[in-house]
Amino acid sequence: IDLPAQNPDNSAVAEFLVYSQIWDEFEIVGLEAPLPGLTWRAEAVPAESAPNLGARAVQRVHLEFPLPVAKGKFAHDLRLKIKPAGSEATPENLDLPLSGSIISRFAVYGPDIGSDGVIDLGIFDQKQSRRSRLLVKIRDKDPMLDQARIEVFPDFVSAKLQPHPGETPGLYDLIVEVPAGTPACQYRSSPLGRVRIDTGHPRIGEVELGLSFAVLPRS
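To start, this report covers the structure provided alongside it. (Residues numbered from 1 in each chain as written. Predicted model: local features only at pLDDT ≥ 70, side-chain atom pairs only at ≥ 80, totals over all residues. Heavy atoms only, no water.)

Things to note about the overall build of the protein
What the protein contains, in helices and strands, is zero helices and 15 strands. For the protein, whose C-alpha radius of gyration is 26 Å, the value lies well above the compact-globule estimate of 17 Å for 219 residues. Counting all 219 residues of the protein, 38% fall into the buried class. The contacts in the protein between residues at least 6 apart in sequence include a share of 71% that link residues at least 24 apart. Only carbon and sulfur atoms are counted for the fraction: they give 49% of the accessible area of the protein, which is about 12500 Å². Averaging the coordinates of the 23 positive side-chain charges in the protein and doing the same for the 29 negative ones gives two points 8 Å apart. (Helix = DSSP H or I, 4+ residues; strand = E, 2+ residues; numbered from the N terminus. Rg over C-alpha atoms; globule rule 2.2 N^0.38 Å. Buried < 20%, exposed > 50% of the residue type's maximum accessible area, 1.4 Å probe, protein only. Contact = heavy atoms within 4.5 Å. Areas by Shrake-Rupley, 256 points an atom, 1.4 Å probe, with all protein chains shown as cover. Lys, Arg positive; Asp, Glu negative; His and termini not counted. Charge placed at Lys NZ, Arg CZ, Asp CG, Glu CD.)

Observations concerning the pattern of salt bridges
Taken as a whole and judged by the stated rule, the model has 15 salt bridges. Close ionic contact of Asp 9 with Arg 105 constitutes a salt bridge, the shortest N to O distance being 2.8 Å. You can see Asp 9 sitting in the segment before strand E1 (11–20) and its partner Arg 105 sitting in the loop between strand E6 (92–102) and strand E7 (106–109), a full 96 residues away along the chain. (Salt bridge = Lys/Arg side-chain N within 4 Å of Asp/Glu carboxyl O.)

Considerations on the sheet that holds strand E5 (residues 72–84)
Read from one edge to the other, the open sheet built from three strands follows the order E2-E5-E6, with strand pairing classed as antiparallel. Looking along the sheet, the strands with just one partner apiece sit at the ends: strand E2 (26–32) and E6. Each strand axis lies, on average, 30° off the axis of its neighbour in the sheet, ignoring direction. Examined bridge by bridge, E5 and E6 share eleven bridges and lie antiparallel to one another. Each bridged residue has a counterpart across the sheet, and for Phe 74 the counterpart in E6 is Gly 100. (Pairing = 2+ DSSP bridges. Axes fitted to C-alpha atoms, helices over the stretch in contact; angles between N-to-C directions.)

Comments concerning the pairing of strand E4 (residues 57–66)
The buried fraction of E4 is high, at seven of ten residues. Two strands pair when backbone bridges link them, and E1 and E4 are joined in this way by ten bridges, in the antiparallel orientation. Bridging from a neighbouring strand, Val 18 pairs with Gln 59 of E4. Two strands pair when backbone bridges link them, and strand E3 (residues 39–45) and E4 are joined in this way by seven bridges, in the antiparallel orientation. Bridge pairing in E4 links Trp 40 to Leu 63.

Details of the pairing of E5
Where E2 and E5 come together, six bridges link them in antiparallel fashion. Bridged to Glu 32 within E5 is Arg 79.

Here it is as structure tokens:
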């Protein structure tokens, strides 16, 4: 079961069909999953509603569970307990992997940042400065970052977070700059620079982004 990306403030919902090509009727008598707060229900639907399955009996299963606080991808294993209707037989197990992802409450967009969360300022000469402006989007019922603090490594790099122009709440500009006249150096692998943002937000906490650049000696 592959869920679409989920909003972190909503419950995850999934529906799927379980069918038999052998039994005329069956019951789903239990569902085991390591998901706190999981609720589920199953109801029989006409086999004719799923004509391509060659089914004699079909059940629609509905799941709902609160998402974890953590962001990113998640994966769990579900186990359904199924037996023929009215039978005293030991239920059979149907194991189903369930996976999905949670949209980040703190997302950064722009041409200079990769999917790995590293801001790449490139390679440039000592005589040059380099500046990147990135868009930050907050997805939360409280989208304000009034108490955010930023720490940057190396310390000659500057970074600031400011409201994005306009009246849309939850949009910010993250501006990172290396000044002209910086000594020759490289922070592209080992070490890698970083921008650490203590958002002061109870559900976001601290966010760390990588920072990659190299300054060449004057030619």
